[in-house]
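# Observations on chain architecture
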Amino acid sequence: MDKWTSGAAYDQWMGRWSRLLADEFLNWLSLPSHLRWLDLCCGSGVLTKAIVDRFAPARVAGVDASAEQIRFAREHRNGPAVSFETGDAMALPFDEASFDAIVCGLGLNYVPEPERALLEMRRVAVPGGVIAIYVWDYAGGARFLREFWDAAAATDRKALAYDQGRRFPLCNPEALRKLFERACVEQVRVRALDITTRFTSFDDYWQPFLTGQGSAPNYLETRDELTQNAIRKRLRDSLPTDAEGVIELPARAWAVCGRR
Ligand SMILES: C[S@@+](CC[C@H](N)C(=O)[O-])C[C@H]1O[C@@H](n2cnc3c(N)ncnc32)[C@H](O)[C@@H]1O
């Protein structure tokens, strides 16, 4: 249901919002320079790059299950302290206590068993090391996605089965806190990360849904042209658009941070 087959297309779909969120998240973590970082579900490497830009890390390893995403990250987000490799967040290819900070941006909800991933994050963290993640608030505050799923559901009953707000009940503050606590992560803190998604036109909003990367674009490409056009029209008629055609929507993610 979720395909991650092109780093370039993923960047077009989500990259600009990933970077804004990564910056908010790293502001919040506010960690010192020269740490050893692990970026899980790194995708095209947006968060990895933000870590490099901000913290002059001793090392950053990016891991993702998709070989295509890793290939793209190696080509576009490489650097002297950076490495990217294919791997599963539930079985990490690293020794115990190898990293000072382990992060995962917009990925934990896609891992089949998030609790196993948390236990792995804890295993590879040094004692006292930081374990932190963020996920979209699919059911509510991630408005650019919410508006899409609401328009899709009003047009096509089958859209409900694809709706991330329904598929990922983990993506709320209480469920995330409990997940961290079950994995024996300590000093758990949860907060909202708020950004604004600004689209210069309706096309700027709609085109990324045609990239075939990630849940909403994957759903859309399985629909016939009539359904696609009906969803598009509904959104065009309902999204708040200013006199210049600009669409601005608030977008919220939930971030969780703790220590081994
Ligand atoms: C929405 S993307 C997030 C990419 C990036 N971290 C960002 O912030 O834009 C989710 C990523 O999780 C990866 N993924 C899903 N399941 C995984 C698993 N079990 N282990 C590692 N990566 C996984 C996918 O391949 C995809 O690249």
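A short tour of the structure in this document, coming up.

Rules of the game
Position labels on residues start from 1 in each chain and follow its written sequence. This being a predicted model, a pLDDT of at least 70 is required before a residue's local features are given, and a value of 80 or more before pairs of side-chain atoms are given or counted; all residues contribute to the totals for chains, interfaces and linings. As a rule here, side-chain values cover all heavy atoms of the structure and leave hydrogens and water aside. For helices, the fitted axis covers only the stretch in contact; all axes are lines through C-alpha atoms, and the angles between them, taken along N-to-C directions, range from 0 to 180 degrees. Numbering of helices and strands runs from the N terminus; a helix is a DSSP stretch of H or I covering at least four residues, while a strand is a stretch of E covering at least two. Geometric relationships in this document are graded by angle, where less than 35 degrees denotes roughly parallel, more than 145 denotes roughly antiparallel, 65 to 115 denotes roughly perpendicular, and other angles denote oblique. We call a crossing left-handed when the near helix sits turned anticlockwise from the far one by less than a right angle, and right-handed when that turn is clockwise. Throughout, a residue-residue contact means that at least one pair of heavy atoms, one from each residue, lies within 4.5 Å. Under this grouping Gly is polar, as are all residues other than the nonpolar Ala, Val, Leu, Ile, Met, Phe, Trp, Tyr, Cys and Pro and the charged Asp, Glu, Lys and Arg. Counted as salt bridges are all cases of a side-chain nitrogen of Lys or Arg within 4 Å of a carboxyl oxygen of Asp or Glu. Categorising residues by exposure relies on relative accessible area from a 1.4 Å probe, with only protein chains included: less than 20% of the type maximum marks a residue as buried, more than 50% marks it as exposed, and the intermediate range marks it as partly exposed.

Turning our eyes to something else, we now look at the packing of helix α5 (residues 143-155) against helix α10 (residues 225-238). Viewed as axis vectors pointing N to C, α5 and α10 meet at an angle of 125 degrees, and their least axial separation amounts to 9 Å. In terms of orientation, α5 and α10 fall into the oblique class. The two elements α5 and α10 meet at a crossing, and its hand is right-handed. Between α5 and α10, the contacting residues are Glu-147, Phe-148, Ala-151, Ala-152, Ala-154 and Thr-155 on the first element and Thr-227, Ala-230, Ile-231, Arg-234 and Leu-235 on the second. Counted by class, the contact of α5 with α10 contains seven nonpolar, two polar and two charged residues.

A complete count under the given rule lists 21 salt bridges for this structure. The salt bridge involving Arg-19 is made with Asp-53; its shortest N-O contact spans 3.0 Å. A residue pair is termed long-range when its members are at least 10 positions apart, and Arg-19 in helix α1 (residues 7-29) and Asp-53 in helix α2 (residues 46-55) qualify at 34 residues. According to the relative accessible area criterion, Arg-19 is partly exposed, its value standing at 25%. Of the residues examined, Asp-53 reaches a relative accessible area of 43% and is grouped as partly exposed. The salt bridge partner of Asp-156 is Arg-223, with a shortest N-O separation of 3.2 Å. Here the residue Asp-156 occupies a position in the loop between α5 and α6 (164-167), and Arg-223 occupies one in the loop between α9 (215-221) and α10, the gap between them amounting to 67 residues. Linked through salt bridges whose partners overlap, the residues forming this network are Arg-19, Asp-23, Lys-49, Asp-53 and Arg-54.

So yeah, pure geometry; function would need other evidence.
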